[in-house]
Amino acid sequence: MKLLAAVKILLIVTSHEQLGDTPERTGYWLEELAAPYKEFTEAGAQVDIASPRGGKAPADPKSVKDADEVSKAFLADPQAVKKVENTLVLEKVKDTYDAYFVVGGHGVMWDLAVHTPLQRLLADGYARGSVVAAVCHGPAALVGVKDKEGRPLVAGKRVAAFSNEEEQGAKLDKVVPFALETRLRELGARYERGPMWKSFAVRDGRLVTGQNPASSVAAAREVIQALKEKK
């Protein structure tokens, strides 16, 4: 029997494709969508994909150019491609999910970080008992999410995310609207990290976060573990 039969998971991607004031394109990072999608579907979960604007979500061109095997398999899967080319509109998502997973990519820093409907969706989901997860720049979507008492959801919780050092390594620390690690610390998160570019994910109850693209599988597996413990 599949581990997550009858479980529904919503993967959330950015609609933003302009890299700050540069002429370069951005979007979601393909590996961070493909790896969790594979983990969740193979475990038997029903997986949907949503974005702020709905429709076709933009993949960061670099993540497509340097696609790993899991990403290539995702792009070769007609059902997966159909979902990412016809994403649900976040504001219209009425269904309730067992887990919400925010995919990273620099685009998140501009739209999902300030997207009120997503903040509401994640806050309501968490309060209801769902697992909330994010990887790499995905935790930027958590900065405006509050708990039932009105405190930042990340306050006092162990959280991983793209580090300031990695942002500097990517030479985008002057391009992004804010430093993600710094902002999470300011909100009271107990920020944790591993070595640059290596897999590192943490779970604090029903909150799961991963540091960078290499952490996508680890973060997805922590989500599966959290869902198994809920059953």
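In this text, all values refer to a predicted model and were calculated from it rather than measured experimentally.

Engineer: Please clarify how the environment of Glu166 should be interpreted in this entry.
Structural biologist: With respect to the element layout, Glu166 can be found in helix α6 (residues 164-169). Judged by its relative accessible area of 0%, Glu166 falls in the buried class. Those residues in contact with Glu166, other than ones at most four positions away along the chain, are Pro195, Met196, Trp197, Gln211 and Asn212. Among the polar contacts listed, one links the side chain of Glu166 to the backbone nitrogen of Trp197, at a separation of 2.8 Å.

Engineer: Where do I start with the pairing of strand β9 (residues 207-210) in this structure?
Structural biologist: In regular strands, side chains alternate between the two faces of the sheet. Because side chains alternate across β9, one face comprises the buried residues Leu207 and Thr209, and the other comprises Val208 and Gly210, equally buried. Across four bridges, strand β5 (residues 131-135) lies against β9 in parallel orientation. Bridge pairing links Ala134 to Thr209 in β9. As judged from the four bridges shared by strand β8 (residues 201-204) and β9, these two strands associate in the antiparallel manner. Paired with Ala201 across the strands is Gly210, a residue of β9.

Engineer: Help me out: how do you make sense of the UniProt feature "domain: DJ-1/PfpI" (unreviewed entry) in the protein chain in this one?
Structural biologist: According to UniProt, the feature "domain: DJ-1/PfpI" (unreviewed entry) maps to residues 32-225 in the numbering used here. End C-alpha to end C-alpha, residues 32-225 measures 18 Å, and it is 35% helix and 15% strand.

Engineer: I'm lost on helix α4 (residues 78-85) in this one. Help?
Structural biologist: Given 3.6 residues per turn, any residue in an α-helix points the same way as the ones three and four places further on. Listed as buried for α4 are Ala80, Val81 and Val84. Across the axial projection of α4, the buried residues extend over an arc of 95°, all falling on one side. Along α4, exposed side chains directed more than 90 degrees from the buried face belong to Pro78, Gln79 and Lys82. Measuring from the side-chain oxygen of the N-cap residue of α4 to the backbone nitrogen of Gln79 gives 3.0 Å; that N-cap residue is Asp77.

Engineer: Can you walk me through the layout of surface pockets in this structure?
Structural biologist: Gaps left between atoms show up when a probe the size of a water molecule is rolled over them. If you add up the space inside the largest pocket, you get close to 280 Å³. Lining the largest pocket are 18 residues; nearest its centre among them are Trp29, Asp60, His106, Ala170 and Leu172. Classifying every residue of the lining of the largest pocket gives eight nonpolar, five polar and five charged. As a volume, the second largest pocket reaches approximately 190 Å³. A per-element tally of the lining of the second largest pocket places helix α5 (residues 116-128) first, with six residues.

Engineer: Would you mind showing me how to read the pairing of strand β2 (residues 46-51) here?
Structural biologist: Burial analysis of β2 places five of its six residues in the buried class, which makes it a mostly covered element. The parallel pair strand β1 (residues 8-12) and β2, bridged by helix α1 (residues 30-42), forms a crossover whose chirality is right-handed. Relative to strand β3 (residues 88-89), β2 runs parallel, the two being bridged by two bridges. Among the inter-strand pairings, Ala50 is bridged to a residue of β3, identified as Leu88.

Engineer: Looking at this structure, I do not really get the nonpolar core. What am I missing?
Structural biologist: Burial of nonpolar side chains together is a common tendency in soluble globular proteins. Judged by nonpolar contacts, the single largest core of 35 residues is most densely connected at Leu11, Leu33, Phe40, Phe74, Phe101 and Val223. Among the elements of the structure, β1, α1, β2, α4, β4 (99-102), β5 and α8 (216-230) are those that each provide at least two residues to this core. Top element by residues in this core is α8. It accounts for six residues. Counting residues in hydrophobic clusters, the runner-up holds 34 residues, among them Leu90, Leu118, Val145 and Val154.

How each quantity is defined
- Residues numbered from 1 in each chain as written.
- Predicted model: local features only at pLDDT ≥ 70, side-chain atom pairs only at ≥ 80, totals over all residues.
- Heavy atoms only, no water.
- Helix = DSSP H or I, 4+ residues; strand = E, 2+ residues; numbered from the N terminus.
- Buried < 20%, exposed > 50% of the residue type's maximum accessible area, 1.4 Å probe, protein only.
- Contact = heavy atoms within 4.5 Å.
- Polar contact = N/O pair within 3.5 Å; in protein donor to acceptor, adjacent residues only side chain to side chain.
- Pairing = 2+ DSSP bridges.
- UniProt positions renumbered as here; feature names shortened; annotations may be inferred.
- Arc of directions from axis to C-beta.
- 1 Å grid on protein atoms, 1.4 Å probe; cavity = no way out; pocket = protein on both sides within 12 Å on 5 of 7 lines; lining within 4 Å.
- Points joined across faces, edges and corners; volume = space filled by probe spheres on them.
- Nonpolar A, V, L, I, M, F, W, Y, C, P; charged D, E, K, R; others polar.
- Right-handed = clockwise from strand over helix to strand, strands pointing away.
- Core = buried A, V, L, I, M, F, W, Y, C linked by side-chain atoms within 4.5 Å.

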